[in-house]
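So you can see what is in the structure, the chains are spelled out below.
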Amino acid sequence: MQEQIKNINTLEELQALYTATFGKNGTMTMRLREMKNLDNKARAALNLENTELRELFKTRQNEIENEILIAGLKKQKLDVSLNAAPENRGTLHPMTQSLVEISFILESFGYKPYTGPEIEDDWHNFTALNTPAHHPARDMQDTFFLPNGNVMRTQTSAIQIRAMESDGVPIKMFGIGSTYRKEMDATHGPMFGQIEGLYIDKDITMSDLIADIRAFLKRFFEMDEVVLRIRPSFFPFTDPSIEVDLKWKNDKWLEIMGAGMVHPNVLRNCGINPDEYQGFAFGFGWDRLAMLKYNLPDLRDFRGNDIRWLKSAGF
Ligand code: PHE
């Protein structure tokens, strides 16, 4: 019997033999039924045989199940050449990428980052910037007015006022953020980003301004040399005011930023003595700079949050 069990190789055969042995009319079942006729010694021997046989069946069953498992695993070869499920890797939005780059460059020049609220009061957006009520320059910026007299920030220049009010001078700061104006075409949207730099100390001059602008544009556009055109301009909060154009790869002039020496009234409005301190401010469009760098034609797509467009533009 023991040999017979060991030679069985399938669970079905083992089950059949088990039933033939321990089933209702099985050989062992019958013998156990007759046990009362046996003497003590023979009873003990039969009990032992019964237990051992059951264990033998159990052991063989485990062995066969293991063999089946191993044979199955051998058959399941892992095909490592199969394509994995596609993985969507996120990237930073071009606006964010340029924000990181611009901030990194300005910080390396010693400008400290500041932020300010997008809903501004009249003082920080206009009045302190030497643009009092009824000043015609308020019309230059198609302002969104809120019912309580506040405005959607039209320029990040508001941040320079907040920075001077809170930290005083000397100060070397930049503000970056969204600004709002009622305009909409391929190169203007109602919401756009601006960056503004401000440097106030003793003996700061226009040539410091131009040097920093030149160094910044070189780094941002990764150009060996930049050719600039400085044109006189007007902003209420700077005097003299300039507009900076950059000679682009196709030899065209691109209007890049407005800048100038901070108007004495602006300094006075922030409690700073203009006879002691002076400096410059510059401001430019963050979207515009990013569009140029990544060679993107339409600013509205840029802010459209359409991932298909972003992918087709290479992001
Ligand atoms: N705030 C100006 C604008 O929005 C840009 C500017 C900033 C000009 C700082 C001069 C100095 O057009």
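Calculation notes
Residues numbered from 1 in each chain as written. Predicted model: local features only at pLDDT ≥ 70, side-chain atom pairs only at ≥ 80, totals over all residues. Heavy atoms only, no water. Core = buried A, V, L, I, M, F, W, Y, C linked by side-chain atoms within 4.5 Å. Buried < 20%, exposed > 50% of the residue type's maximum accessible area, 1.4 Å probe, protein only. Helix = DSSP H or I, 4+ residues; strand = E, 2+ residues; numbered from the N terminus. Contact = heavy atoms within 4.5 Å. Pairing = 2+ DSSP bridges. Domains from an automatic or database assignment. Near = heavy atom within 4 Å. Polar contact = N/O pair within 3.5 Å; in protein donor to acceptor, adjacent residues only side chain to side chain. Areas by Shrake-Rupley, 256 points an atom, 1.4 Å probe, with all protein chains shown as cover. Nonpolar A, V, L, I, M, F, W, Y, C, P; charged D, E, K, R; others polar. Expected span 1.5 Å × (residues − 1). Salt bridge = Lys/Arg side-chain N within 4 Å of Asp/Glu carboxyl O.

(A) Just the nonpolar core, in detail. By size, the foremost hydrophobic cluster in this structure holds 43 residues, and its most contacted members are Ile-102, Ile-213, Phe-216, Leu-217, Phe-221 and Phe-282. It is helix H10 (residues 286-294) that contributes the most residues to this core, 6 residues altogether. In this view, Leu-217 contacts Glu-222, Val-226, Leu-228, Ile-256 and Met-257; residues no more than four positions away in its chain are not counted. Membership of the second largest hydrophobic core comes to 20 residues, among which are Leu-129, Met-164, Cys-270 and Ala-281.

(B) The pairing of strand S6 (residues 228-235), seen in detail. Pairing geometry for S6 and strand S7 (residues 238-247), over 7 bridges, is antiparallel. Counted as the bridge partner of Ile-230 is Val-244 from S7. Here S6 folds back onto S7 in antiparallel fashion, the turn holding 2 residues.

(C) Examining the domain arrangement of the protein chain more closely. You can read the domains of the protein chain as domain 1 (2-75) and domain 2 (94-312). Between the C-alpha centres of domain 1 and domain 2 there is a distance of 90 Å.

(D) Up close: the site of the ligand. What surrounds the ligand is a group of 13 residues, the closest being Gln-155, Ser-157, Arg-181, Gln-194 and Glu-196. Note that a nitrogen atom of the ligand is positioned 2.9 Å from one of the side-chain N or O atoms of Gln-155. Within the side chain of Gln-194, an N or O atom sits 2.8 Å from an oxygen atom of the ligand. Surface burial for the ligand is 91%, taken as the share of its 330 Å² of free accessible area covered by protein chains. Among the elements that line the shell around the ligand, the one with the most residues is strand S9 (residues 278-285), at 3 residues. Within the shell around the ligand, the residues separate by chemical class into 5 nonpolar, 6 polar and 2 charged.

(E) Seen up close, the pairing of strand S5 (residues 191-201). Burial of S5 is extensive: 9 of the 11 residues sit out of reach of the surface. With 8 bridges connecting them, S5 and S9 associate as antiparallel partners. Residue pairing across strands places Gly-197 opposite Phe-282, the latter belonging to S9.

(F) Local environment of unusual backbone geometry. Of the consecutive residues Val-169 and Pro-170, the connecting peptide bond is found in the cis state with omega at -5°. Examined against the element boundaries, Pro-170 turns out to sit in the loop between helix H7 (157-167) and strand S4 (171-180). Across the junction of Asp-239 and Pro-240, the peptide omega takes the value -5°, indicating a cis bond. Along the chain, the position of Pro-240 falls in strand S7. In this structure, His-134 takes a positive phi of about 70° despite not being glycine. Unlike most non-glycine residues, Asp-203 shows phi in positive territory, near 65°. One can find Asp-203 in the loop between S5 and helix H8 (206-220). The exposed category is assigned to Asp-203, whose relative accessible area is 65%.

(G) Broad picture of the side chain of Glu-120. With respect to the helices and strands, Glu-120 occurs in strand S2 (residues 119-120). At 2.7 Å, the side chain of Glu-120 and the side chain of Arg-162 are in polar contact. Excluding its chain neighbours within four sequence positions, the residues that come into contact with Glu-120 are Asn-125, Asn-150, Val-151, Arg-153, Ala-158 and Arg-162.

(H) Local environment of helix H4 (residues 40-75). In this model, H4 (36 residues) spans 53 Å end to end at C-alpha, consistent with the 52 Å of a helix rising 1.5 Å per residue. For H4, the secondary structure elements touched by its buried residues are helix H1 (2-7), helix H2 (11-22) and helix H3 (27-33).

(I) Looking closely at the pattern of salt bridges. Counting across every chain of the model gives 13 salt bridges. In this structure, Arg-31 engages Glu-49 in a salt bridge whose closest nitrogen and oxygen atoms are separated by 2.8 Å. With Arg-31 in helix H3 and Glu-49 in helix H4, the pair connects residues that are 18 residues apart, well separated along the chain. In this structure Glu-49 comes out as partly exposed when scored by relative accessible area, which is 30%. One salt-bridge network, held together by shared partners, links Arg-229, Arg-231, Asp-245 and Glu-255.

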